[in-house]
Each structure stands twice: as C-alpha cells, then as structure tokens.
Amino acid sequence: MVLYIGVMSGTSLDGLDIALIEQTSAIKLIATHYIPMPESLRAELLGLCASGPDEIARSAIAQQEWVRLAAQGIDALLSQQQLKPEAIRAIGSHGQTIRHEPARGFTVQIGNPALLTELTGITVVSDFRSRDVAAGGQGAPLVPAFHEALFEERSGNQAVLNVGGFSNLSLIEPTKPVAGFDCGPGNVLMDAWIQQQRGENYDRNGDWAASGTAEPALLKALLSDPFFVTKGPKSTGREVFNLPWLERHLASLQAYSAENVQATLLELTALTIIESLKSAQSNTRELLVCGGGAHNAALMNRLAELLPNTKVASTATHGVDPDWVEAMAFAWLAHCCLEGIATNRPSVTGAKGLRVLGAIYPN
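Residues numbered from 1 in each chain as written. Predicted model: local features only at pLDDT ≥ 70, side-chain atom pairs only at ≥ 80, totals over all residues. Heavy atoms only, no water.

Participant: Looking at this model, I keep getting lost on the overall build of the protein. Mind explaining?
Facilitator: Regarding its fold elements, the protein presents 13 helices and twelve strands. Radius of gyration (C-alpha) of the protein: 20 Å, near the 21 Å computed for a compact globule of 363 residues. Within the protein, the fraction of its 363 residues that count as buried is 56%. Taking contacts inside the protein between residues at least 6 apart in sequence as the whole, the part at least 24 apart equals 69%. Within the protein, one finds 26 positive and 36 negative side-chain charges whose respective centroids are separated by 6 Å. (Helix = DSSP H or I, 4+ residues; strand = E, 2+ residues; numbered from the N terminus. Rg over C-alpha atoms; globule rule 2.2 N^0.38 Å. Buried < 20%, exposed > 50% of the residue type's maximum accessible area, 1.4 Å probe, protein only. Contact = heavy atoms within 4.5 Å. Lys, Arg positive; Asp, Glu negative; His and termini not counted. Charge placed at Lys NZ, Arg CZ, Asp CG, Glu CD.)

See the structure below:
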C-alpha cells in the first residue's frame, strides 16, 4: 500500500484541504482533514496578492504560519488514521498562490516545503507550476491530467469543471488528448462582494444571488474584459479579477441593488463557463462539477438551464467527493513526480512539451 498526502489551499483562502490517498493502479481517497484559515493569515495572504510594503519579509513570515498550519493538519490526519509519518511516501503541497503572471514568465506559490519536511518528517514535493511556465506554458490549470486519470474509463465526451475562486475546465474525449483552461472567475467575485456588503465569507447555496436579478448592462460591461475573448491556453487569477475590478465597472454605471450585483456575478460565472465549454467541446455528454461551487445550488441550477442536453452533476455521482478533488490531485502529482511521470499537458498549458512537475525535498 503506497500512501500520499495532498495539501491544497486555493484562491478562496477559506482553509487548507488535506487528503490521504492510496495509489495503486487506481486512485483511492482514504481520509481527509480540513483546517479553517485564521482570519489574520487570510488577510495577510490576500494582501500579498498585490504589491505592498516589505513584501519579501511579509511573505516569508506568512508562509511559515501557513506551513505550521499544514503540519498541524497533517499530524491530526495521521493520528486519526493511526499512521506514523514513515507510512507516507510523500506530501504533495500546492502552497498558496500569491501571484500568477505567466505572461511575464512567473508564478509564485509560497509554502516553505523545506520547513514542512522538517515539521512532518515526510518527503515533500512542491512547486508544481514553475517547470511548466519555464517551458513556455501557463502553469495552470494542472488538474486536467488528474481528471483524465480519475475519469478515463467513462464513455463519451465529458468535462470536469472545478469551481473554486476561479473556474477551470478539463475536456475528456476518448480519442483526443485531454484539453483544459481557466474560464474566469468562479467564486472569487461573489465571495468578495458578499464580504464587503454583508460581512459573510461566501453566499451559502447561492441564496443571496438567487434573491436578485442579473443586470444586463453590468453583465455586458463585465463580459467585455479581454480575457473572455482570449483563446486557450489561458489562465487567470486575482491579478485580473478582484473587487477593485468590479468596483471600476460599477462606478461607470447606474446604482444597482447589492443582491442584483450578486446575481449578475453568478450569471457571469455561469455564462463564461458555458460559453467556454460550448466553444471547445460542443457535444459534452456530462459535466461533472467539483470545488466549492458544487455546493452553490443557484449556480448548479443555472448551469443545468444553460446546458439542457448535458447532464450536469457533482463528481459525487461518480463516487468522488467534490470537496477533495484538488487535494487528491496534488497527492497524485507528488506520486507522479517521484515516479518520473510527466503531468503537464501541452494541449492545456501551451508548454513546449511534456514535463515532470515538482521539486523534491527529501526527508
């Protein structure tokens, strides 16, 4: 039995997802653990997503706190499963993205893997994105290869949609290499707006968005962003879509009710996903959704309305908990790195060729 741990902290910054998988000829989720992000650390990580004073020292301190949080979660997971550190072959740690600018040749995920190795006594594989960027790729999304491995035995054309802070698609067709790309904002704008307006971290079930009505003029303005007409490979992040971006659009238009703005943001997320999917894979039989967006009933209903001839469902319908897909992916990426298996996909990222991803910090 070969065991790996994956640690994922996404752009929503709600917490750390930690997954334990068994890797044989198949990928099996064994156990999970979740740690909420302390508000002070969340605020600092958000601050580091934009230029500011003393960034180098602040990021060094923040990543130490992030790593200690991850180590606590890993220790709790091991205790829960009555496992010793030596039972784990490696930890795949995504770290926390604070900048992603592949057009300028860099992507930054902080997470001090050396310290994580010291604190856990387990080999750590990290820095999965840099090699793809160095090879001319976007460095994102990285999960399409994992989605392909997880769902490759399904028949017909499938798409796997991850809706975290941002949304990305993996397109799986039986006779073609997996394709994929970022679609645009997932939850990031909806979360930011509800936090500003109501002091809540997210719109539970999409209830607030469902109470409003999408505003056509605002939606048209938001959809005018150049990212949405850019063809893949493409990826995006908080550098492009953030609360100031939304506020600039709002300032140029008439005043709207807060709930109507939220409804418009949900419509933006849904439309950019569906338009991206239709243009890249028009005959999708099934759309499987994972990430936090799978729990947004209003979003799931809207996706189903926009895709009447496609089955829209959570990955749970195929026995894969939507909350843990990304953490599982980074455990699997650690396995592939140690085995010398290339896991980027040039058809997804635009890299010059296949590359083994990750940097290894041996115990």
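Participant: Just to check I follow, could you spell out the side chain of T97 for this structure?
Facilitator: Residue position: T97 is located in strand β4 (residues 88-101). Of the polar contacts made by the side chain of T97, one reaches the side chain of Q109; its length is 3.2 Å. Those residues in contact with T97 that lie beyond four places of it in its chain are C49, V108 and Q109. (Polar contact = N/O pair within 3.5 Å; in protein donor to acceptor, adjacent residues only side chain to side chain.)

Participant: Explain the UniProt feature "binding site: ATP" (unreviewed entry) in the protein to me, please; I cannot follow it from the model alone.
Facilitator: In this numbering, the UniProt entry assigns the feature "binding site: ATP" (unreviewed entry) to G10, T11, S12, L13, D14, G15, L16 and D17. By secondary structure assignment, the location of G10 is in the loop between β1 (3-9) and β2 (15-23). When its relative accessible area of 21% is taken as the criterion, G10 is described as partly exposed. On the secondary structure map, L13 appears in the loop between β1 and β2. Look past the residues within four positions of L13 in its chain and what remains in contact with it is M37, R42, L45, L46, Q96 and R238. (UniProt positions renumbered as here; feature names shortened; annotations may be inferred.)

Participant: Just checking my understanding: could you explain the environment of D127 for this structure?
Facilitator: Relative to the helices and strands, D127 is located in the loop between β6 (124-126) and α4 (130-134). The contacts of D127, once residues within four sequence positions are left out, are S93, G358 and A359. Within polar-contact distance, the side chain of D127 engages the side chain of S130 at 2.6 Å.

Participant: Quick question: what am I supposed to make of the packing of helix α1 (residues 39-47) against helix α2 (residues 55-81) here?
Facilitator: Geometrically, a packed helix pair is captured by the angle between its two axes and the distance between the axes. At a minimum axis separation of 10 Å, α1 and α2 run at an interaxial angle of 140°. Relative to α2, the element α1 lies oblique. Note that α1 runs across α2; the crossing there is left-handed. Facing α1, whose interface residues are S40, L41, E44, L45 and G47, α2 presents R58, A62, E65, W66 and L69. For the contact of α1 with α2, the residue count by class is five nonpolar, two polar and three charged. (Axes fitted to C-alpha atoms, helices over the stretch in contact; angles between N-to-C directions. Parallel < 35°, antiparallel > 145°, perpendicular 65-115°, else oblique. Left-handed = near helix turned anticlockwise from the far one by under 90°. Nonpolar A, V, L, I, M, F, W, Y, C, P; charged D, E, K, R; others polar.)

Participant: What is the right way to look at the packing of aromatic side chains in this model?
Facilitator: The geometry of two aromatic rings is summed up by the distance between their centres and the angle between their planes. The final tally for this structure, using the stated rule, is six aromatic pairs. Pairing F227 with F241 gives two aromatic rings, centres 5.8 Å apart and planes at 85°, and the pair type is edge-to-face. Of this pair, F227 sits in the loop between α8 (216-223) and α9 (243-251) while F241 sits in the loop between α8 and α9, and the two are 14 residues apart along the sequence. By relative accessible area, F241 is classed as buried at 0%. Ring-pair connections join several aromatic residues into one group, and the members of that group are F227, F228, F241 and W245. The ring of F227 is capped by K234, whose NZ or CZ atom sits 4.3 Å from the centre of that ring. (Phe/Tyr/Trp six-rings, centres within 6.5 Å; stacked < 30°, edge-to-face > 60°. Lys NZ or Arg CZ within 6 Å of the ring centre and 35° of its normal.)

Participant: Help me understand the pattern of salt bridges, please; the structure alone is not making it clear to me.
Facilitator: Pairing between side chains of opposite charge can happen when their charged atoms approach one another. By the definition in use, this model includes eleven salt bridges. In this structure, the salt-bridge partner of E101 is R104, at a minimum N-O distance of 3.0 Å. Classification of R104 as exposed rests on a relative accessible area of 61%. The shortest N-O distance in the salt bridge between E305 and R302 comes to 3.0 Å. In this pair, E305 and R302 both sit in helix α11 (residues 297-306), three residues apart, roughly one turn of the helix. Classification of E305 by relative accessible area gives exposed; the value is 53%. Shared partners join several salt bridges into a network, and the residues in it are E267, R302 and E305. (Salt bridge = Lys/Arg side-chain N within 4 Å of Asp/Glu carboxyl O.)

Participant: Honestly, the packing of helix α10 (residues 258-280) against α11 in this entry has me stumped. Any pointers?
Facilitator: Between α10 and α11, the least distance of the axes is 10 Å, while the angle of their chain directions is 40°. As the angle between them shows, α10 and α11 are arranged oblique. Like other packed secondary-structure pairs, α10 and α11 cross with a definite hand, here right-handed. Residues L266, E267, T269, A270, L271, I273, I274 and K278 of α10 lie in contact with α11, whose contacting residues are A298, L299, R302, L303 and L306. Partitioning the contact of α10 with α11 into residue classes produces nine nonpolar, one polar and three charged.

Participant: Honestly, the sheet that holds strand β10 (residues 286-290) in this entry has me stumped. Any pointers?
Facilitator: In a beta sheet, neighbouring strands are held together by backbone hydrogen bonds and run either parallel or antiparallel to one another. Taken together, the five strands give an open sheet; going across it, the order is β9-β8-β7-β10-β11, and neighbouring strands pair in mixed fashion. Across the chains shown, the open sheet's two edge strands, defined by having one partner strand only, are β9 (179-185) and β11 (311-314). Within this sheet the neighbouring strands show an average axis-to-axis angle of 20°, counted without direction. Alignment of β10 against β11, held across four bridges, turns out to be parallel. Bridge pairing links L287 to V312 in β11. Here α11 sits on the sheet in contact with β7 (158-163), β10 and β11, set at roughly 160° to β11. (Pairing = 2+ DSSP bridges.)

Participant: Could you clarify how one ought to interpret the environment of Q96 in this entry?
Facilitator: As for its position among the elements, Q96 is in strand β4. Expressed as a C-alpha distance, the spacing of Q96 and E86, which sit ten residues apart in the sequence, is 26 Å. When residues no more than four places from it in sequence are discounted, the contact partners of Q96 are S9, G10, L13, M37, L45, W66, V108, Q109 and I110. A polar contact of 3.3 Å, which involves the side chain of Q96, links it to the backbone oxygen of G10.

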